[in-house]
Amino acid sequence: MTNTPPVLEIDKLSISFLTRLRQIDAVMDFSVTVNPGEAVGLVGESGCGKSTVALGVMRDLGGNGKIIGGSIKFKGREMADMNDDELRQVRGRDIAMIYQEPMASLNPAMTIGAQLMEVPQYHEQISAAEARARALEVVRDVKLPDPERVLNAYPHQLSGGQQQRIVIAMALMAKPSLLILDEPTTALDVTVEAAVIKLVKELGQKYGTSMLFISHNLGLVMETCDRICVMYSGEAVERGPIKDVFENMHHPYTQALFRAIPVPGADKNVQPLIAIPGNFPLPHQRPNGCNFGPRCNYFEAGTCDANPIEMATLPDNPRHQTRCNRFADIDWNAPVEAKVAPAVAVSDKVTLRVEGLRKYYDVAANALFGGRSTKVVKANETLSFDAHAGETLAIVGESGCGKSTLAKVLMGLETATEGNVSLNGKALANVPIQDRDATTVGGVQMVFQNPFDTLNPSMTVGRQIMRALEIFGIGDNEVARRERMFELLDLVKLPRAFSDRSPRQLSGGQKQRVGIARAFAGNAKLVVADEPVSALDVSVQAAVTELLMDIQRKNKTTLLFISHDLSIVRYLSDRILVMYLGHVVEMGTTEQVFQPPYHPYTEALLAAAPIADTRVDKREVVLEGDIPSAMNPPSGCPFQTRCKWKPKVEGALCEREVPPIQILADGHQIKCHLDADTLNDMAPVFSIAAE
Amino acid sequence: MENLAGLDHLLKITIRFWPVWVAMAIVMIPSFSTRRNTGLYGQIFESRIGVIGFSLVSFWVFTAIFADVIMTHDPYATWGGLKNALPGSALRAPAEGIYPHALLGGDNLARDVFSRVVEGSRIVLTISPIATLFAFMVGITLGLPAGYFGGRMDTALTFISNLIIAFPVILLFYLLVTPEIRSGGPAFSFGGDHVWRASVPNLLAALIFIFPTIFFCTLWQSRFYVRPKLRNILIAVTLVIGIWGYLGTAFDYDPTGLLLIEPGLKNIFAIVAIVGAPAKFRIVRGLTLDIKTRDYVAAAQTRGERPWYIMLWEILPNARGPLIVDFCLRIGYTAILLGALGFFGLGLTPESADWGSTINEARRLLALYSHPALYPALALMTLVLGLNLLGDSLREASQKD
């Protein structure tokens, strides 16, 4: 291995973008080496420059991007010396790239087969028949069912997971030596993500392809990569083999990153979340010296803010480097100061009661002429649960499981087909929002997922909060409402001066705080939070989560926390409701759901969550196939098409009957045909290795 | 008095436009130096196209504003020695205090072409934006609910707008000129010697002129129904102005006589609105379909906002970018349409100085004397070009970030 040159060698690379205002240094002094057959992970928050590195390697920086220093060597050849023709040859044949959005990478007007065949026909001038044969082989390699049919299909006829497999297949068509994956699974559901990641790992071994894996998810990188490079604000801050960096980190940012993410193997008392203070610096507002300085716990004036920091190699490990002047002085094993959160006082009072809730949609095949072939989409199937005051109830499930429909019914944007919903004894299920009184509307509010979309860009922050107050009938006049608006800003820990700002002047985390302030404006009794932090960066996720919990504790609000991220769910919820295709398949307290017995789907969901902790051992359960469409659900048990446990049930019962609800323990219920003994014999998904 | 020799008349014209130059300098220099801090407006000054477009448009806007200072003569009067006179000709025996030269010559009726071009800018730049605004009002008021509610209402409104688009515009023009149609219909009187005929153009005007009042009343009601005191004041003011204007413009019934408009103008507004509204309707409907999926619209719904609040205060302000761009382009088309309508005798009164009518009138002697038609044509061309360039640069800038 020492004789072959590295596949990719980036040395002191600097990339800048020239805009009309100023020059923006996106990447500075960045070095990384990828050896043959090796997978290197590039980790950092949005805006840290990791995607820019990838584009720089591809020499695809657009009109105003410029490489202003350093070198990129591909297989020992300097890429800056290549002309356009040579670069075209290298791209696609030697280096292939996989992007985040599979649909955007595929041409919707061409069949999958034609798109795959194009690659070798262009790069290797082989015949159409040969190219088709290879396409078939690659499609088989990415484990798509019925490859012949897939080749003749158009992209829109495949699901998101299948599309991403095709994109991977396309990248592999030219047998590249280097594969760059830019957040390849961010747009996919967790169980689908787990399957795609497993595939990428296997293919990497089979084809011997080197990989540069770009992600913000430390868990994913741990599962796929051999080495890791952590980036912060345009610089590599720590670099080394996965195990060394994860177990023996030597940069404060890496440490802070790990402390900010919840680990599903451990609960909140073992490892509380610690938010990184402050905000990510904008490229033109970087401090002197260490970029992480202002947010760092170990900051020391004079040492950290004087000169640019150089990358230093650890004395005891030549393969592990860090960009910190004080790494030798810091006690990296010092225990975390556990800020034990006051236990949430869950009262016995039931705030929300849902009984036998059903929501069906009629979907006519053709709105204009149809009529006979009406289909029914069963978005929610007999949901029943209670939520108490001050309780956090998590609803977990992948896209299409019906959690958004449930939220809509609670909010009154849709009315239930059947069943009852009551809030503090007041019926809600069939009262659309326009018939609800102001107190009820203010009492049931929502926090939305996308912070960049949750505020009206044309209205100041203060106006938007005051509008909510006006609607909920709070405050008698402008002055009173203004005062209340300031209090709400205080509540979400934003400066009062923000009331005059327009949303585009706020960062993602700040916008989400305004969203929370708005949701609590009407003294909400029930707040539905739809993945409130999933679009935020790791370092602000923790802060927003803590804030949400703080306010909830103070107001004794019931929080319905919709999420697919099991780590965060384990961290903050009291009870969990697992949904699949409109059914509640499992419900119980957090401990009950995270421990066996599991519903087979819960088991797969837990196993799919990537964990950024080398101490946690995880059993592998990978689901095959995709989530069935809600338009055309399978017969019997909704999960039977992907279930590994199906053979244990006799007489193909799973395919015929919807399973009954089994009560296993107090408040723990599972919707499955498996008998209680089989369920009790399940092995736990996580085990923490003894230290 | 001697005729002006060579290019002297151009020099004199340049001097004559001095208020425009001063005003342009006052506006453009600070705009240019603060362009980095003024958002979309500042982006205009980043591109050469934007600067050219902005200069051309602001030139004509300031010409319209300072028309009284710039004009050398009364644009509607005839002057001795100016019949078909060439640019730079001297007036025959001008009285004391009368400008001695016709800088751009005279027309067939011995009127001063220069003054008529300047006066024309005032007419064009008043009528085109207002007429375009009516088209937008109609398009927005119908496009928002079509996009937001969808379903049957959307199908019906889209169908009607397709019908109007499919209807030959020229036929519509002819229909409106036909005397039977113009003066047909039952007559109504609301007192005094006032008579209003329910003819097709009058009915169309009556339909279109009600939109601004409806639009603003809905705007206030949807937002301020939670603050009744403020709402009542705003709606009362809107209704007083709206009904007064509506009676005056649509029904020729205004005791004060301030808001009466001539029949030709009514035709213009009716036609511009009918021709323009379907296109605006489509743009607004498309934007609404896009914006209504945003979370802030969902947030408004979950706090129980009424549909019209969401449409007018959550969706419309965020659709403003494409609408402003389209508005710029549409003013240009309307200016051309004014000229085209002049050809059908549908425009303003024949002696009007607007550019379309002037070109139409001068075309009869075009082979002999081209200048009476040439200068208004140049003016129209530069204005439309400027608006197009401005619209283009705004579109580019709004897509950049």
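Quick summary incoming for the structure in this document. Just so we're clear, the structure is a prediction, and the values are computed from it rather than from any experiment.

The rules behind each value
- Positions within a chain are numbered from 1, following the residues in the order the chain's sequence is written.
- Chains carry letters from A onward and ligands carry numbers from 1 onward, assigned in written order.
- At least 70 in pLDDT is required for a residue's local features to be given in this predicted model, at least 80 for side-chain atom pairs to be given and counted, and no such filter applies to totals for whole chains, interfaces and linings, which use all residues.
- The secondary structure listing takes helices from DSSP runs of H or I that are at least 4 residues long and strands from runs of E that are at least 2 residues long, numbered from the N terminus.
- As defined in this context, the radius of gyration uses C-alpha atoms, and a globule is described by 2.2 Å times the residue total to the power 0.38.
- Counting other C-beta atoms within 10 Å of a residue's own tells you its class, since 20 or more makes it buried, 12 or fewer makes it exposed, and anything in between is partly exposed; those C-beta atoms are placed from the backbone.
- A pair of residues counts as a contact when their C-beta atoms, built from backbone coordinates, are separated by no more than 7 Å.
- Angular values range over 0 to 180 degrees, each being the angle between N-to-C directions of two axes fitted as lines to C-alpha atoms, with helices fitted over their stretch in contact.
- Throughout this description, any angle smaller than 35 degrees is read as roughly parallel, any larger than 145 degrees as roughly antiparallel, any in the 65 to 115 degree range as roughly perpendicular, and the remainder as oblique.
- Residue classes follow a fixed rule: Ala, Val, Leu, Ile, Met, Phe, Trp, Tyr, Cys and Pro count as nonpolar, while Asp, Glu, Lys and Arg count as charged, and any other residue, Gly among them, counts as polar.
- Following DSSP output, two strands are said to pair if at least two bridges run between them.
- Note: the arc covers the axis-to-C-beta directions of the helix.
- For the handedness criterion, the strands are oriented away from the viewer, and a crossover whose path from the first strand over the helix to the second runs clockwise is classed as right-handed.
- Note on convention: near helix rotated counterclockwise from far helix by under a right angle means a left-handed crossing. Clockwise means right-handed.

What follows is about the overall build of chain A. Scanning chain A for helices and strands turns up 22 helices and 26 strands. In summary, chain A has a C-alpha radius of gyration of 27 Å against a globular reference of 26 Å for 691 residues, a match within 12%. Expressed as lengths along the three principal axes of its C-alpha atoms, the size of chain A is roughly 75 × 65 × 55 Å. Counting across all 691 residues of chain A, residues that qualify as buried make up 47%. Long-range pairs, those at least 24 residues apart, make up 68% of the contacts in chain A between residues at least 6 apart in sequence.

All names here are of chain B. Close contact between helix H11 (residues 211-224) and helix H12 (residues 228-251) brings their axes to 9 Å; oriented N to C, the two are set at 180°. One finds that H11 runs roughly antiparallel with respect to H12. Facing Pro 212, Thr 213, Phe 216, Cys 217, Trp 220, Gln 221 and Phe 224 of H11, the residues of H12 in contact are Leu 230, Arg 231, Leu 234, Ile 235, Thr 238, Leu 239, Gly 242 and Tyr 246. Looking at the contact of H11 with H12, its residues break down into 10 nonpolar, 4 polar and 1 charged.

A few words on the interface of chain B and chain A. Tallying the contact residues gives 17 residues for chain B and 22 residues for chain A. Considering each element in turn, the side of chain B that touches chain A owes the most residues, 6 residues, to helix H14 (residues 295-302) of chain B. Of the residues that constitute the side of chain B that touches chain A, the class distribution is 5 nonpolar, 4 polar and 8 charged.

All names here are of chain A. Read from one edge to the other, the open sheet built from 4 strands follows the order S2-S1-S4-S5, with strand pairing classed as antiparallel. Looking at which strands have only one partner, the edges of the open sheet turn out to be strand S2 (23-34) and strand S5 (77-78). Strand direction decides the pairing type here: strand S1 (residues 8-18) and strand S4 (residues 65-74), joined by 8 bridges, are antiparallel. When the bridges of S4 are listed, Phe 17 appears paired with Gly 65. Against the sheet, helix H1 (residues 50-58) makes contact with S1, S2 and S4, and its axis sits at roughly 75° relative to S2, the strand it touches most.

Looking now at helix H10 (residues 200-208) of chain B. Burial in H10(B) covers these residues: B:Pro201, B:Asn202, B:Ala205 and B:Ile208. Seen from one end, H10(B) has its buried residues packed into an arc of 130°, which puts them on one side.

Each strand in a sheet pairs with another by means of backbone hydrogen bonds, the pair being arranged parallel or else antiparallel. Residue and element names in this part refer to chain A. Spatially, the 8 strands line up as an open sheet ordered S18-S19-S20-S15-S21-S22-S25-S24, and their pairing is mixed. Both outer strands of the open sheet, strand S18 (444-447) and strand S24 (661-665), are each paired with one neighbouring strand and no more. Averaged over all pairs of adjacent strands, the angle between strand axes in this sheet comes to 20°, irrespective of strand direction. Bridge count between strand S19 (residues 526-530) and strand S20 (residues 558-563): 5 bridges; the pairing is parallel. Within S20, the position partnered with Val 527 by the bridge is Leu 559. Running at roughly 175° to S18, helix H16 (residues 508-519) makes contact with S18 and S19 of the sheet.

Residue and element names in this part refer to chain A. Summarising burial for S20: 6 of the 6 residues are buried, a large majority. Side chains Thr 558, Leu 560 and Ile 562 project from S20 onto one buried face, and the interleaved Leu 559, Phe 561 and Ser 563 project onto a second face that is buried too. By the bridge criterion, 5 bridges tie strand S15 (residues 392-396) to S20 in an arrangement that is parallel. Its bridge partner being in S20, Leu 393 is matched across the sheet by Leu 560. In terms of handedness, the path from S19 via helix H17 (residues 538-555) over to S20 forms a crossover that is right-handed.

Let us look at the environment of A:Thr392. All names here are of chain A. Within the secondary structure, Thr 392 is located in strand S15. Distance from Thr 392 to Glu 586, taken between C-alpha atoms, is 16 Å for residues 194 residues apart in sequence. Thr 392 has contacts with Gln 552, Leu 559, Phe 561, Leu 572, Ser 573 and Asp 574, leaving out every residue within four places of it along the chain.

Time to look at the packing of helix H2 (residues 18-33) of chain B against helix H4 (residues 48-65) of chain B. All names here are of chain B. At a closest axis distance of 9 Å, the pairing of H2 and H4 adopts a crossing angle of 130°. Taken together, the axes of H2 and H4 are oblique relative to one another. Judged by the sense of rotation from one axis to the other, the crossing of H2 with H4 is right-handed. Where H2 abuts H4, its residues Pro 19, Val 20, Ala 23, Met 24 and Val 27 lie against Ser 55, Ser 58, Phe 59, Phe 62 and Thr 63. Counted by class, the contact of H2 with H4 contains 7 nonpolar, 3 polar and no charged residues.

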